[in-house]
Amino acid sequence: MSNKVITIERHIIDGERQHPGATGNFSAVLRDLTLAIKVIWREVSKAGLVNILGVVGKENIHGDVVKKLDVFADEAIYKAMDHGGHLCVMASEENEDVLHIPDDYPKGKYVLLFDPLDGSSNIDANVSIGTIFSIYRRVSNSGKGTLADCTQPGYKQIAAGYVVYGSSTMMVYTTGDGVHGFTLDPSIGEFLLSHENIRVPKRGRIYSVNEGNYRYWDEGVKKYIKYLQEEDKGTSRPYSARYIGSMVADIHRTLLYGGIFLYPGDTRYPKGKLRLMYEANPLAFIMEQAGGAASNGDQRILDVIPSTLHQKTPLFIGSEEDVALCKEFLQARTAR
Ligand code: AHG
Ligand code: MN
Ligand code: MN
């Protein structure tokens, strides 16, 4: 007999059935989101045709103005999610303020945060890019959602996921019950379960960081990276370096192969570059659910109490032992 084919929709519904009292609302959120992802995937796979189909900012052959892909993705997600009646508010990297559900649509109990297109500098080179999302239960009482709904600490997430638009397109998500990966079968337009219960190796042999920033790092980070480059067969050193520059893709590889991804603060940008609410938190939730770890250097990412929607955070994420060792180097810096 052939293997059972499990679509993402079935997987989500099966997962929800295990929670007595579940209303199906949550499955509907993930289902609507999957539709938006397929719309983005369709557009991403045409990215290289932009000079044929129309240049960004100009009208294309259909008379539509061609949008930047991150704006397109932002609108695709908002439009797919604004009318289902399951969300009370959204927020995304592309919008300064929270995104309200239109007045004429019902408001639900969930909150969606997202980075519609991650790794946008890689689009024109046909290198993997992604989408990241994070879901919370609302904390406001009813009606329109609020900024407070969108700035909850990461440990309160009830689901998180990402999509990599790569050599194949994959969606990876968790609802706090392990991490599961689905690969898009483009011929039928369905995400099929391909990676059940992903576990990150306890220790890896790859580090991932923008080493061009080396001179701006503090001593702890410099010493850690130098340590990984030394030879010691007992601890698999020297590590290999891999850096795609799309966080989703770098972290996807880290999840599967192990190792560490870091975007530290530096003398120019003390908090680094990555955003807490829709980049670090969802990926930290996934990494922890897969048995890994994620830290800002001082504390667990998921324990950080956010103060603003778009705040940045240093990020050290990956295999448990790699992140623990990295933290030792960072803390030695402060002891000196
Ligand atoms: P985005 O495209 O959503 O702005 O995110 C880009 C981020 C992240 O994907 C990646 O890890 C990082 O920028 C790369 O930054 P550097 O070019 O500074 O290394
Ligand atoms: Mn991003
Ligand atoms: Mn982005």
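As the structure is a prediction and not an experimental result, all values here were calculated from the model.

Asker: When you look at the sheet that holds strand S8 (residues 190–195) in this model, what are you seeing that I'm missing?
Answerer: Sheets are built from strands that pair by backbone hydrogen bonding, the pairs being arranged parallel or antiparallel. Judged by pairing direction, the sheet is mixed, and its eight strands sit side by side in the order S2-S1-S3-S4-S5-S6-S7-S8 without closing on themselves. A single partner strand is all that each edge strand has here, and the edge strands are strand S2 (99–100) and S8. Where strand S1 (residues 87–92) meets S2, two bridges bridge the pair, whose relative direction is antiparallel. Bridge assignment links Val89 to a residue of S2, and that residue is His100. Together, strand S6 (169–174), strand S7 (179–185) and S8 form the strand contacts of helix H1 (residues 8–17), whose direction differs from that of S6 by roughly 5°. Helix-sheet contacts for helix H2 (residues 25–44) involve S1, strand S3 (110–118), strand S4 (129–137), strand S5 (159–165), S6, S7 and S8, and the interaxial angle to S4 is about 165°.

Asker: What is the right way to read the packing of aromatic side chains from this model?
Answerer: The relation between two aromatic rings is expressed through the spacing of the ring centres and the mutual angle of the planes. Under the counting rule described, the total for this entry stands at six aromatic pairs. Between Tyr224 and Phe329, the ring centres sit 5.5 Å apart and the planes meet at 55°, which makes this aromatic pair tilted. Within this pair, whereas Tyr224 is found in helix H6 (residues 219–229), its partner Phe329 is found in helix H9 (residues 320–335), the two being separated by 105 residues in sequence. For Tyr224, a relative accessible area of 0% puts it in the buried group. On the basis of an interplanar angle of 15° and a centroid distance of 6.4 Å, the ring pair of Tyr243 and Phe261 is categorised as stacked. Highlighted residues: Tyr243 in the loop between strand S10 (240–241) and helix H7 (247–257) and Phe261 in strand S11 (residues 260–263), separated in sequence by 18 residues. We classify Tyr243 as partly exposed; its relative accessible area is 33%. With a relative accessible area of 1%, Phe261 lands in the buried category. One aromatic cluster is present, built from ring pairs that chain together Tyr224, Tyr227 and Phe329. Lying across the ring of Tyr216, Arg268 places its NZ or CZ 3.8 Å from the centre.

Cut-offs applied
Residues numbered from 1 in each chain as written. Chains lettered and ligands numbered in written order. Predicted model: local features only at pLDDT ≥ 70, side-chain atom pairs only at ≥ 80, totals over all residues. Heavy atoms only, no water. Pairing = 2+ DSSP bridges. Helix = DSSP H or I, 4+ residues; strand = E, 2+ residues; numbered from the N terminus. Contact = heavy atoms within 4.5 Å. Axes fitted to C-alpha atoms, helices over the stretch in contact; angles between N-to-C directions. Phe/Tyr/Trp six-rings, centres within 6.5 Å; stacked < 30°, edge-to-face > 60°. Buried < 20%, exposed > 50% of the residue type's maximum accessible area, 1.4 Å probe, protein only. Lys NZ or Arg CZ within 6 Å of the ring centre and 35° of its normal.

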